[in-house]
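Residues per chain, in single letters:
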Amino acid sequence: MDTESASEQRESRTAVVGSRHSWFPPAQWLKNYRFPWLARDVVAGVTLAAYGIPVSLAYASLAGLPPQYGIYCYLAGGLCYAVFGSSRLLAIGPTSAISMLVGVSVAGMADGDPVRWAAIASLTALLVSAMCLVAWLFRLSSLVNFISETILLGFKAGAALTIALTQLPKLFGVKGGGEFFFERIAILAQQVPQANLAVLGFGLLAIMVLLLGEKFLPGRPVALGVVVVSIALLSTTSLAAFGFKVVGALPQGLPEFRLPTLRPRDVEGVVALAFACLLLSYVESVSAARAIAQAHGDEIDPRQELLALGAANLGTGLFQGYPVAGGLSQSSVNDQAGAKTPLALVFASVTIGLCLMFLTGLLANLPNVVLAAIVLVAVKGLVNVRELRHVWKVSKFEFAVSMVAFAAVLLLGILKGVIVAVLVSMLLIIRRSAHPHVARLGRIPGTDVFSDIERHPDNEPIPGVLIFRPEAALLYFNAEHVRASVRKMMSDCAAPPQLVLCDLSVCAVVDLAGARMLAALCKELQATGIRLRLVAPHASARDMLRAEGLEQQVGDFGRGTSVAAAVEAFRIKPSISSVPARPRPE
């Protein structure tokens, strides 16, 4: 596909991005639609369908569902997302991590009943949809940002290994087994001597072709070509006699509309599963949408994506699917195939629907080892070795946090691994907020600017003055840490200071506990003959400090105060115990 011109990029971006604040984006981009874009959207839709069909068959097996359920996800999910999505290029369908999460979690809920299994999977999608709607209504899109990229880095690596291990028995042509990661490794190691060499060779050849296709034919439906060739070989040669397991005939026709036969209270643990799927779906979708958007200078609306994902999961839940998300791989295929608007997703769904109506019989001889090869190649992108090396280089602590998420997935499984990842993210935020850095300041030589002496040892300390700066909001859970840090600084001084100066210029918020801590610190210092001054607090912080009577205790700290001015005033008249408060305007 030829590279689109700059003018075409601007026009298509205006058509879709201009609607990012609307809850119904097609109302904007359809009226700006240009007829020449139709051919590109049709080609992109057909290409996306050609990519999505074999991948969705493979992912359905991860979810423990019949292969056609993965196709249903692409059909319904993409169609619904096109109506509400803020990204013109994001493609929606099943993903490896969510498929694996559904598979391992539903296994313990379905009691071996395939009908119940499918019902629970659809119920999970509907619960994800409901959670997305609630999050959209209450504007909770920013909450997902609390899950750090470092946590996701480890989680994705652990999920990739877990998923790959479930596919290796199919690659070797053995039964496999086991519930946990290391148990599966032990069982597979025992079964490897009984591997079916014909199946193994066929699978390795498929993996090699897929990898070469990724390198030399990016964005092309190479997986579809591998599927077609493998079906032809098993249908026209004697390969089937070597013990190849095949998909079998798929039901012909479009998925039926089905209301849920189960309620959340009927299935223990399904709400937790849906919440985990929501986290994965939203984080993966927004990350992919932003990556594609940045490449084209587009923008997306993270809140609108909640509504769009809710619609996509509602569609899949009502039409026999399971939770879906936007993925970078399928979105890249959509982009490189020349998609101009979300209408490409509509054409992809139409193409998939026609295949379900007329071509399902052709998939009967598709070998399972080819689906395993597709999954193995797909999940390798979840392990970002380069980024892991970078994290190790810049922060050993962040790397350790990433490894906690990695180990949690391997030891506890994907569902519990998601929960652990969320808890670790929250604990990390709490830890950083509860123990903010308190900088001791010194004058930059030759200037009236003050900065952290620890980072810049050449800074000049001011004789008789201790200057500190809390580098976070001063709140109830970190106030005592700040006071303890000041005490530590004072104990490190060669001689007790005459003035302690608190710079609040980077402290956006001071709550009641923070203000009272400063008042207590002031009394503590006054008892030893040391003065406390506050300078440069923000407006809301000034209001809180004044309400607690700090201005009468420490002197003026209005918007005109600064560290340099307070130091100069001390240098001129060090014996003045305090600076009287200036009258505030009524």
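Reading guide: rules and limits
Residues numbered from 1 in each chain as written. Predicted model: local features only at pLDDT ≥ 70, side-chain atom pairs only at ≥ 80, totals over all residues. Heavy atoms only, no water. Helix = DSSP H or I, 4+ residues; strand = E, 2+ residues; numbered from the N terminus. Buried < 20%, exposed > 50% of the residue type's maximum accessible area, 1.4 Å probe, protein only. Contact = heavy atoms within 4.5 Å. Areas by Shrake-Rupley, 256 points an atom, 1.4 Å probe, with all protein chains shown as cover. UniProt positions renumbered as here; feature names shortened; annotations may be inferred. Patch = residues over 30% accessible without salt bridge, like charges linked within 9 Å, V, L, I, M, F, W, Y side chains within 5 Å. Salt bridge = Lys/Arg side-chain N within 4 Å of Asp/Glu carboxyl O. Disulfide = S-S within 2.5 Å. Polar contact = N/O pair within 3.5 Å; in protein donor to acceptor, adjacent residues only side chain to side chain. Pairing = 2+ DSSP bridges. Axes fitted to C-alpha atoms, helices over the stretch in contact; angles between N-to-C directions. Phe/Tyr/Trp six-rings, centres within 6.5 Å; stacked < 30°, edge-to-face > 60°. Lys NZ or Arg CZ within 6 Å of the ring centre and 35° of its normal. Domains from an automatic or database assignment. Left-handed = near helix turned anticlockwise from the far one by under 90°. Nonpolar A, V, L, I, M, F, W, Y, C, P; charged D, E, K, R; others polar. Right-handed = clockwise from strand over helix to strand, strands pointing away.

Draft legend 1. How the structure looks around the overall build of the chain. Check the secondary structure of the chain and you find 23 helices and seven strands. Its C-alpha atoms put the chain at 100 × 60 × 50 Å along the principal axes. Here the chain, with 586 residues, has 53% of them falling under the buried criterion. In the chain, the proportion of contacts linking residues at least 24 apart, taken out of those at least 6 apart, comes to 79%. Carbon and sulfur atoms form 63% of the exposed surface of the chain, whose accessible area is close to 26700 Å².

Draft legend 2. Expanded view of the UniProt feature "domain: STAS" (unreviewed entry) in the chain. Here the UniProt feature "domain: STAS" (unreviewed entry) sits at residues 455–570. Strand forms 14% of residues 455–570 and helix 44%; the C-alpha atoms that close the span are 25 Å apart.

Draft legend 3. Quick look at a nonpolar patch on the surface. There is a patch of nonpolar side chains on the surface, built from Leu-254, Val-350, Leu-354, Met-357, Phe-358, Leu-359 and Leu-362 and spanning about 680 Å² of accessible area. The topology assignment puts Leu-362 in the loop between α14 (343–358) and α15 (368–379).

Draft legend 4. Broad picture of the environment of Ser-129. Topologically, Ser-129 is positioned in helix α6 (residues 114–137). Judged by its relative accessible area of 9%, Ser-129 falls in the buried class. A sequence separation of 185 residues divides Ser-129 from Leu-314, and the C-alpha atoms of the two residues are 5.3 Å apart. Once residues lying within four places of it in the same chain are set aside, the contact partners of Ser-129 are Gly-310, Asn-313 and Leu-314.

Draft legend 5. View of the state of the cysteines. This structure, assessed with the given rule, holds zero disulfides. Cysteine Cys-277 is unpaired, with the sulfur of Cys-132 as its nearest cysteine sulfur at 11 Å. Not part of a disulfide, Cys-493 finds its nearest cysteine sulfur in Cys-502, a span of 15 Å. Since its relative accessible area comes to 17%, Cys-493 is described here as buried.

Draft legend 6. Geometry of the side chain of Asp-556. Within the fold, Asp-556 resides in the loop between α22 (550–554) and α23 (563–572). Here the side chain of Asp-556 touches Gly-558 through a polar contact of 3.0 Å, landing on its backbone nitrogen.

Draft legend 7. Focus on the sheet that holds strand β7 (residues 531–535). Taking strand neighbours across the sheet as the criterion, the five strands line up as β4-β3-β5-β6-β7 in an open arrangement whose pairing is mixed. Two strands in the sheet have a free side with no partner beyond their single neighbour: β4 (450–452) and β7. Neighbour-to-neighbour, the strand axes of this sheet turn through a mean angle of 35°, independent of strand direction. By the bridge criterion, three bridges tie strand β3 (residues 438–443) to strand β5 (residues 465–470) in an arrangement that is antiparallel. Paired with Arg-440 across the bridge in β5 is Phe-468.

Draft legend 8. Representation of the packing of aromatic side chains. In the structure shown here, the tally under the stated rule is eight aromatic pairs. Note on Tyr-33 and Trp-37: the rings are 5.6 Å apart at their centroids and 85° apart in plane angle, and the pair reads as edge-to-face. When its relative accessible area of 1% is taken as the criterion, Trp-37 is described as buried. Plain terms: the ring middles of Tyr-476 and Phe-477 are 5.0 Å apart, the flat faces sit at 85° to each other, and that makes the pair edge-to-face. Just above the ring of Trp-392 sits the side chain of Lys-396; from NZ or CZ to the centre is 4.6 Å. The ring of Phe-397 carries Arg-431 above its face, with NZ or CZ at 4.9 Å from the centroid.

Draft legend 9. Expanded view of the domain arrangement of the chain. As assigned here, the chain comprises domain 1 (28–428) and domain 2 (438–570). Computed over C-alpha atoms, the centres of domain 1 and domain 2 are 53 Å apart.

Draft legend 10. Broad picture of the packing of helix α11 (residues 270–296) against helix α18 (residues 414–434). Interaxial distance between α11 and α18 falls to 10 Å at its minimum, and their mutual angle equals 65°. With respect to the hand of their crossing, α11 and α18 are arranged in left-handed fashion. Of α18, the residues touching α11 (which contributes Ala-272, Leu-273, Ala-276, Leu-279 and Leu-280) are Leu-415, Val-418 and Val-422. Classifying every residue of the contact of α11 with α18 by side-chain character gives eight nonpolar, no polar and no charged.

Draft legend 11. Quick look at unusual backbone geometry. Although it is not a glycine, Arg-139 adopts a positive phi angle of roughly 55°. Its location among the elements puts Arg-139 in the loop between α6 and α7 (149–172). The phi dihedral of Ala-536 is positive, around 60°, even though this residue is not glycine. Looking at where Ala-536 falls in the secondary structure, it is placed in the loop between β7 and α21 (539–547). Its relative accessible area of 22% is what places Ala-536 among the partly exposed residues.

Draft legend 12. Region of interest: the pairing of strand β6 (residues 499–503). Judged by how many residues are buried, β6 sits mostly within the fold: five of five residues are covered. Note that β5 and β6 share four bridges and pair parallel. Bridge pairing in β6 links Phe-468 to Cys-502. At this point the chain moves from β5, through helix α19 (residues 479–492), to the parallel β6, and the crossover so formed is right-handed. For the crossover from β6 across helix α20 (residues 512–526) to β7, the handedness is right-handed.

Draft legend 13. Region of the structure containing the pattern of salt bridges. The full count for this structure, using the stated rule, is 14 salt bridges. Of the charged contacts in the structure, one is a salt bridge between Lys-380 and Glu-214, with a shortest N-O distance of 3.0 Å. Of the two residues, Lys-380 sits in the loop between α15 and α16 (385–394) while Glu-214 sits in helix α9 (residues 197–216), which places them 166 residues apart along the sequence. For Arg-516, the salt bridge goes to Glu-548, with nearest N and O atoms at 3.2 Å.

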